[in-house]
Amino acid sequence: MSKLYSVVRFKCPRCHKGDLFVNKNPYSFKNAMQMPDQCPVCNQDFQIEPGFYIGALWTSFPIVIFIMALLSVLLLIYFKMDLNWFFVTITAILFLLQPIIIRLGRAIWINVFVDFEKEN
């Protein structure tokens, strides 16, 4: 298993079994970003320190830039979309993807600091 598996599946970075988020649906707005205090499988602390996930902004920003660059090439060059419609479209798409982008940012951030440990 790799860190990529942990990030994409939103699993605990240490055991790759426990879920990082309480609710699997990122569009359940009531508790979309709620994370357990620790992994239910290996007891890895998910709340490493107060404000820990503020650093996730540094990991979600490149994701947004990548999506914007990809959409820009696709919509402006391939589909030759009008610039006004392009801005409306890219704004709508990024708005709709925001819950997933935030979760990805958090998953990447915790994987930077916590390593995978195989079971003995």
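Conventions adopted
- Residues numbered from 1 in each chain as written.
- Predicted model: local features only at pLDDT ≥ 70, side-chain atom pairs only at ≥ 80, totals over all residues.
- Heavy atoms only, no water.
- Helix = DSSP H or I, 4+ residues; strand = E, 2+ residues; numbered from the N terminus.
- Buried < 20%, exposed > 50% of the residue type's maximum accessible area, 1.4 Å probe, protein only.
- Areas by Shrake-Rupley, 256 points an atom, 1.4 Å probe, with all protein chains shown as cover.
- Axes fitted to C-alpha atoms, helices over the stretch in contact; angles between N-to-C directions.
- Parallel < 35°, antiparallel > 145°, perpendicular 65-115°, else oblique.
- Left-handed = near helix turned anticlockwise from the far one by under 90°.
- Contact = heavy atoms within 4.5 Å.
- Nonpolar A, V, L, I, M, F, W, Y, C, P; charged D, E, K, R; others polar.
- Expected span 1.5 Å × (residues − 1).
- Arc of directions from axis to C-beta.
- Salt bridge = Lys/Arg side-chain N within 4 Å of Asp/Glu carboxyl O.

Per an unreviewed UniProt entry, the chain goes by the name DUF983 domain-containing protein and belongs to Dyadobacter chenwenxiniae.

(A) Broad picture of the overall build of the chain. Scanning the chain from N- to C-terminus turns up three helices and zero strands. Each helix and strand of the chain, ordered N terminal to C terminal, gives the series α-α-α. In terms of overall dimensions, the chain has a C-alpha envelope of 55 × 30 × 25 Å along the principal axes. Per-residue burial for the chain yields a buried fraction of 36% across its 120 residues. As displayed, the chain has an accessible area near 8100 Å², and 67% of this comes from carbon and sulfur atoms.

(B) Geometry of the packing of helix H2 (residues 57-78) against helix H3 (residues 83-113). At a minimum axis separation of 8 Å, H2 and H3 run at an interaxial angle of 150°. The angle between H2 and H3 places the two elements in the roughly antiparallel class. Every pair of crossing elements has a handedness; the one defined by H2 and H3 is right-handed. When H2 is examined against H3, the residues Thr 59, Ser 60, Ile 63, Val 64, Ile 67, Met 68, Leu 71, Ser 72, Leu 75 and Leu 76 are found in contact with a partner set consisting of Leu 83, Phe 86, Thr 89, Ile 90, Ile 93, Leu 94, Leu 97, Ile 101, Leu 104, Gly 105, Ile 108 and Trp 109. Partitioning the contact of H2 with H3 into residue classes produces 17 nonpolar, five polar and no charged.

(C) Main features of H2. Taking 1.5 Å as the rise per residue, H2 with 22 residues should run 32 Å; its terminal C-alpha atoms sit 30 Å apart, in good agreement. Restricting attention to buried positions, one finds in H2 the residues Thr 59, Ser 60, Ile 63, Val 64, Ile 67, Leu 71 and Leu 75. Projection of H2 onto a plane perpendicular to its axis shows the buried side chains occupying an angular sector of 135°, all on one side. Away from its buried face by more than 90 degrees, H2 exposes Trp 58, Phe 61, Phe 66 and Ile 77. Those residues of H2 that are buried are in contact with H3.

(D) Inspection of the pattern of salt bridges at higher detail. Under the criterion given, the structure shown has three salt bridges. Residue Lys 3 pairs with Asp 115 through a salt bridge whose shortest N-O separation is 3.5 Å. With Lys 3 in helix H1 (residues 3-8) and Asp 115 in the segment after H3, this residue pair connects regions lying 112 residues apart in the sequence. Relative accessible area serves as the criterion here: at 34%, Lys 3 is assigned to the partly exposed category. We note a salt bridge from Asp 19 to Lys 11, for which the minimum N-O separation is 2.6 Å. We classify Asp 19 as partly exposed; its relative accessible area is 24%. One network of salt bridges, in which partners are shared, links Lys 11, Asp 19 and Lys 24.

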